[in-house]
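# Topology and contacts: notes
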Amino acid sequence: MRRWAGEGATLRGDRRVTGLVFAAVLQFLLMAAALGAYAYGRHLADGRPERAYEHARAVWGLERSLFLPDESSLQKGALRWDGWVRAANEYYVRVHFPAITAFMVWVYFWRRRAWPRVRAVILGSAAAALLVHFAYPLAPPRMLPGHGFVDLMTAYGPSAYATEPGQGITNQFAAMPSLHVGWALLIAWGVIRYARGRWRWLAAAHPVVTLLVVVLTANHYWLDGVAGSAIVVAALWATSRIPVLDDRDRGRAGASARRDSVGA
C-alpha cells in the first residue's frame, strides 16, 4: 500500500509539473503572439510621413509653449563629452524588450498572483499605443530638420533600424507614445510593489534613465514619454478596478486595504 501511495504521489507530482510547464508555454506563446501583433500593427500604421512631420512640428511647438526643456539644446550640451553616447544607444536598442521580458518571467514564476494584472496592463497599454500610432504618426526628433539634432544611432551606432524611414517592417514614424518609458515605469512600479527589501527602490531609476536616454538620443520628445507613462498609469488604474485582477498578497490584504489602488 505504501508503495502504491508513493507511486500515486509521484504520478500526481509529475502531472502537476507537466501542467505548470504547459501553462507557462501557453502564456509565453500568448504574449509572444500579442507583442508580435503589436509590432506588425506598427508596421501597418506606417506610410504617412507628411503627417508625421506635421505632427512633429506641432509637438515641438507645444513643448515650447509648455516651457519644457529644449531637447536639441540638451543634446548639444551633453555632446560636449560624447563618451556616453554608445552606452546610451546600447541601452535604447538592447534593454527595452529584454527588460520587459525578464520582468514578465519574474512575475509569472515568482509573483504568480500578480501575473493576470501585469499581463492585462502590458496588453492593454500595447493596444492603446497601437491606436495612437495609427491616429497620430509622429517623426522622432532625430528626423526633425532645422533644429540641429544629431541622429546618434547613425553617427555612433548601434542602430535599432536596418532600413531607411518608410522602408522595412519597422515604423520609424511611431514616436508617440514611448513604451520605452511607459514599460520602464511599469517595471519600476512592479518591482517596488511586488518585491521585498529596500533594494527594490533602486528600480525607480529605470524609468528616469530611460527617459533621459530616449530624449538625449533624439528618439523621442518629452511628450512621448509623458504619453507612454500616462497610458500605463491609466491601465494600472483600470485593472485595479477589476476584482478578478486583484494582485494583493492575501496574507497582507488587511495591511494593504488602505493603500492606493494603483499600488504607488
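These numbers were taken from a predicted model, which means no experiment stands behind them. (Residues numbered from 1 in each chain as written. Predicted model: local features only at pLDDT ≥ 70, side-chain atom pairs only at ≥ 80, totals over all residues. Heavy atoms only, no water.)

## A closer look at the nonpolar core
For soluble globular proteins, nonpolar side chains are generally found buried alongside one another. Judged by nonpolar contacts, the single largest core of 30 residues is most densely connected at I100, F103, I122, W183 and L186. Residue assignment for this core shows that the elements contributing at least two residues are α1 (2–44), α5 (96–110), α6 (115–135), α8 (179–194) and α10 (222–240). For this core, the element with the most residues is α8, which contributes eight residues. Non-local contacts of I122, meaning those with residues more than four positions away in its chain, are made with M31, L35, I100, M104, W183 and L186. In terms of nonpolar packing, the next biggest core, distinct from the first, is built from 15 residues, A52, A56, L144 and F149 among them. (Core = buried A, V, L, I, M, F, W, Y, C linked by side-chain atoms within 4.5 Å. Buried < 20%, exposed > 50% of the residue type's maximum accessible area, 1.4 Å probe, protein only. Helix = DSSP H or I, 4+ residues; strand = E, 2+ residues; numbered from the N terminus. Contact = heavy atoms within 4.5 Å.)

## Examining a nonpolar patch on the surface
A grouping of V21, V25, F28 and L29 is seen on the molecular surface, where their side chains present a nonpolar patch of about 390 Å² in accessible area. Mapping F28 onto the fold places it in helix α1. (Patch = residues over 30% accessible without salt bridge, like charges linked within 9 Å, V, L, I, M, F, W, Y side chains within 5 Å. Areas by Shrake-Rupley, 256 points an atom, 1.4 Å probe, with all protein chains shown as cover. Salt bridge = Lys/Arg side-chain N within 4 Å of Asp/Glu carboxyl O.)

## Some words on α8
Here α8 is 16 residues long and its end C-alpha atoms lie 21 Å apart, about the 22 Å a rise of 1.5 Å per residue gives. Most of α8 is tucked away, with 15 of its 16 residues classed as buried. (Expected span 1.5 Å × (residues − 1).)

## Some words on unusual backbone geometry
Cis geometry marks the peptide bond from G157 to P158; its omega dihedral reads -10 degrees. Here M176 and P177 are connected by a cis peptide whose omega angle stands at -5 degrees. Looking at the element boundaries, P177 is found in the loop between α7 (152–156) and α8.

## A short note on the side chain of E63
Positionally, E63 belongs in helix α2 (residues 49–65). Beyond its immediate chain neighbours, meaning those up to four positions away, E63 contacts L68, E71, Y221, W222 and L223.

## Quick look at the pattern of salt bridges
With the rule as written, the count across this model stands at eight salt bridges. Measuring nitrogen to oxygen at the nearest pair gives 3.4 Å for the salt bridge that ties E71 to R64. Of the charged contacts, one joins R193 and D247 as a salt bridge, the two residues approaching to 3.0 Å between their closest N and O atoms. Taken together, the residues R193 in helix α8 and D247 in the loop between α10 and α11 (253–256) connect sequence positions 54 residues apart.

## Regarding the packing of α5 against α6
Following both chains from N to C, one finds α5 and α6 inclined at 155 degrees, their axes separated by 9 Å at the closest point. Put simply, α5 runs roughly antiparallel to α6. Handedness of the crossing formed by α5 with α6: left-handed. The residues of α6 that touch α5, namely those facing I100, F103, M104, V107 and Y108, are W115, V118 and I122. Residue composition of the contact of α5 with α6, grouped by class: eight nonpolar, no polar and no charged. (Axes fitted to C-alpha atoms, helices over the stretch in contact; angles between N-to-C directions. Parallel < 35°, antiparallel > 145°, perpendicular 65-115°, else oblique. Left-handed = near helix turned anticlockwise from the far one by under 90°. Nonpolar A, V, L, I, M, F, W, Y, C, P; charged D, E, K, R; others polar.)

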